[in-house]
Amino acid sequence: MRKELATFLEETLQDSPKNVFLTADLGYGVFDKLRINYPKQYYNVGIAEAGMVSIAAGLSAEGFTPYVYSIASFLMPKTYEQVRLLSIQNHNKIILVGAGGGLSYSMSGPSHHSLDDLSLALLLPNINVFAPSGPKLLRDALKIAKSSFESSYIQIGKFGEPNYSTIDNPDEATIGLISTGTIFNDVYTLFEKLKTDGYKIGIFNVYSLRPLNENGLTNFLQNKKKVLVIEESWGLLSLSSLIYRFVSNNNIKVEIIRIGPDHKIFETNLERETNLIEFGLTYSNIVKSMKVD
Amino acid sequence: MIKIWKRNKIRAADEFNSLSLIIKRSLTSMLILAHLRGDAHVVSCIGSVQILCNLLKNNFNPNVDNLIISKGHAALALYSTLFEFKAISKDQLNNFRKENSDTGIHVSNKHGSYSRLSTGSLGHGIGFGSGIALAKKVKNLPGNVYVLVGDGELNEGSNFEALQFASSKKLDNLIVLVDHNEVQSVATYQEVSSDSSLHKKFESFGFKSQELGKYKNMANEVIDVKTPSISPKAFVCFTSRFPYIPSMQGKVLWHYRKPDMKDLNHAFIELNSKESAPDYCEWLETQ
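Conventions used here
- Residues numbered from 1 in each chain as written.
- Chains lettered and ligands numbered in written order.
- Predicted model: local features only at pLDDT ≥ 70, side-chain atom pairs only at ≥ 80, totals over all residues.
- Buried ≥ 20, exposed ≤ 12 C-beta atoms within 10 Å, placed from the backbone.
- Helix = DSSP H or I, 4+ residues; strand = E, 2+ residues; numbered from the N terminus.
- Pairing = 2+ DSSP bridges.
- Right-handed = clockwise from strand over helix to strand, strands pointing away.
- Expected span 1.5 Å × (residues − 1).
- Bend = angle between axes of the 7 residues up to and from the residue.
- Axes fitted to C-alpha atoms, helices over the stretch in contact; angles between N-to-C directions.
- Parallel < 35°, antiparallel > 145°, perpendicular 65-115°, else oblique.
- Left-handed = near helix turned anticlockwise from the far one by under 90°.
- Contact = placed C-beta atoms within 7 Å.
- Nonpolar A, V, L, I, M, F, W, Y, C, P; charged D, E, K, R; others polar.
- Core = buried A, V, L, I, M, F, W, Y, C linked by C-beta atoms within 7 Å.
- Domains from an automatic or database assignment.

**Looking at the pairing of strand β1 (residues 19-23) of chain A**
Residue and element names in this part refer to chain A. β1 sits mainly inside the fold: 4 of its 5 residues count as buried. Judged from the 5 bridges that link them, β1 and strand β3 (residues 65-71) form a sheet pairing that is parallel. Across the sheet, Asn19 pairs through a bridge with Thr65, a residue of β3. Note: β1 against strand β2 (residues 42-44), 3 bridges, orientation parallel. What sits directly across from Thr23, in β2, is Asn44. Crossover connection from β1 via helix α2 (residues 32-37) to parallel β2: handedness right-handed.

What follows is the structure, encoded as structure tokens:
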């Protein structure tokens, strides 16, 4: 996804000198073309995430569209107040991109785990929140963010994510899988196995958490008896809570099961895949959770 | 211990300084509204009025310059100064701390180039100002970006992230004005922040720094932004030294306290308000 981000940014910086990119001394090798070809639009502000957002807000106030980049675990948590005051409350549009969402950097330890970035962004009003699972959806998110009047937070993965279908919903499917972000790809792999094994299920990718694709969600939830919401966030204000609220507000009769990390720190150094297994993203657990009483 | 000079020695010469008069008038209206409405952060405003009056009289051009009040709690200092320079109406000033007014307890971004940022939370102005200053450079636009910060506010680490950036990008159109009033919210600056020199801190970050008001009335100081420099500039303004209202300057008590009539009358004597701002004193009597 970072490659796609770099490509999009190159096009965007070429589009207009008012589009600028700021990094907090991260993205080694990824943004070299921007640095070399657009020196007046590329700024490495140093290891200073909060400062980066403040400077971006000032640029935005002067008519620029700043894209700011850091690792997801450092971006929203370190700059929450700058985003709230300088961008949201003062109406200065910024596009924030946090790389390595969820447990992408699982082995780097808890400082690099990003299980709260989407929640922090969702906590704020007047900001779009995206968690694309692959390059194509990232480009869609960036296009929406670029044309929107409001700020955006986009959580991305690392490298090599596929472009799976965002929806597969056979008429006879009474069980649904809903997911977002990089973990959608893991869910999709299981979904294909389940389908091959004859299970009648559907899958839906909520890559835009705000604005929520309400029509798409309503159609997907029709005739569903049970939905498994699978996420790589702590789950207090995240995909699962959005789905719970959507179902409740619209009086949709469907059972919801959340599969995701507990609200705890992952102290031990485990590979991401091991952590996913630990919080229940396995074939057998999905099959077990799919059973309708 | 904060040094406040002996008043009598310098008073006579000072009376004839027109900027000094503007400062006294702004301080008088500030005190009246602080008395009527409260939540003014009086001691913070006393320092900031001195800096803002000097800036608006000698330097600031609203058509090309930008001002950011990073110490947003000194909002009333901005309003009383803007009124003196006819940049806001009497109604706006009088609406301080009233519901739905654009002159609230903390500064809002509703005053054009005189206030580019709504603040209140501290430590945001220099970073935001650096962004504006950078934009001006890129667009090759004239004018300076002035950021008023408090000395206590410089406790916030975010300032130093911004200083590094401004210095590395040689934002010579960024001017940081420090209201070094030597008091913080609940203790003196020295108690909380040590007595290390702010001037040296700015210099060490690559700013061209200068101390003002240490030995002179701020009204007689020059905020020299015209001398060419390739660095951003900082002016550390000692605003508690010259005795405008010595009963309040340098007193932690006056960060939060609302002045009563007795306090006000005492301050008016110190300010010579009955002569410098008789119209405001008359207005107070109608309230």
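**Observations concerning helix α3 (residues 42-58) of chain B**
All names here are of chain B. Over its 17 residues, α3 extends 24 Å from the first C-alpha to the last, a length consistent with the 24 Å expected when each residue adds 1.5 Å. The largest bend in α3 amounts to roughly 25° and is located at Ser48. By the criterion of burial, α3 is predominantly enclosed, with 15 of the 17 residues buried.

**Some details on the packing of helix α6 (residues 125-139) of chain B against helix α7 (residues 158-168) of chain B**
Residue and element names in this part refer to chain B. Relative to each other, α6 and α7 sit at 25°, their axes nearing to 8 Å. Viewed along their axes, α6 and α7 adopt a mutual orientation that is roughly parallel. As α6 packs across α7, the resulting crossing turns out to be left-handed. Here Ile126, Gly127, Ser130 and Ala133 of α6 come into contact with α7, specifically with Ser158, Asn159, Glu161, Ala162, Leu163, Phe165 and Ala166. Across the contact of α6 with α7, the residue classes tally to 6 nonpolar, 4 polar and 1 charged.

**Comments concerning the nonpolar core**
Met30(B), Leu76(B) and Leu177(B) are the most contacted members of the largest nonpolar core, which has 165 residues in total. In terms of residue count, α3(B) provides more of this core than any other element does, 10 residues in total. The residue makeup of this core includes at least three contributed by each of domain 1 (2-155) and domain 2 (167-290) of chain A. If we skip the residues at most four places from it in the chain, Leu76(B) touches Met30(B), Leu33(B), Ala34(B), Ala40(B), Cys45(B) and Phe96(B).

**Brief notes about the interface of chain B and chain A**
On the chain A side, the residues contacting the 20 residues of chain B number 21 residues. Counting residues per element, the side of chain B that touches chain A draws most heavily on α6(B), which supplies 9 residues. Looking at side-chain class alone, the side of chain B that touches chain A contains 8 nonpolar, 10 polar and 2 charged residues.

**Description of the packing of helix α3 (residues 49-61) of chain A against helix α4 (residues 72-89) of chain A**
Residues and elements named next belong to chain A. Running from N to C, α3 and α4 point in directions that differ by 30°, and their axes come no closer than 8 Å. One element, α3, and the other, α4, form an angle in the roughly parallel class. You can see that α3 and α4 cross each other, and the crossing is right-handed. Two secondary-structure elements touch here, α3 through Glu49, Ala50, Val53, Ser54 and Ala57 and α4 through Phe74, Leu75, Lys78, Thr79, Gln82, Val83, Leu86 and Ser87. For the contact of α3 with α4, the residue count by class is 7 nonpolar, 4 polar and 2 charged.

**Some points on the sheet that holds β2(A)**
Each strand in a sheet pairs with another by means of backbone hydrogen bonds, the pair being arranged parallel or else antiparallel. Residue and element names in this part refer to chain A. Strand order in the open sheet formed by 7 strands is β2-β1-β3-β4-β6-β5-β10, and the pairing between neighbours is mixed. Only two strands of the sheet have a single partner each, and these edge strands are β2 and β10 (208-210). Each strand of the sheet is rotated relative to its neighbour by a mean of 20°, with strand direction disregarded. Docked against the sheet, helix α1 (residues 2-15) engages β1, β3 and β4 (95-99), running at close to 140° with respect to β1. Lying on the sheet, α3 is in contact with β1 and β3; it crosses β3 at an angle near 170°.

**Points about the sheet that holds strand β1 (residues 66-69) of chain B**
All names here are of chain B. As summarised here, the arrangement of the 5 strands in space is β1-β2-β3-β5-β4, forming an open sheet in which the pairing is parallel. Of all the strands in the sheet, the pair left with one neighbour each is β1 and β4 (208-212). Across the sheet, the mean angle from the axis of one strand to that of its neighbour is 20°, orientation sign disregarded. Two strands pair when backbone bridges link them, and strand β3 (residues 174-180) and strand β5 (residues 233-238) are joined in this way by 6 bridges, in the parallel orientation. Its bridge partner lying in β5, Asp179 is registered against Cys237. In the packing of α6 onto the sheet, contacts are made with β1, β2 (145-150) and β3, and the angle to β2 comes to roughly 170°.

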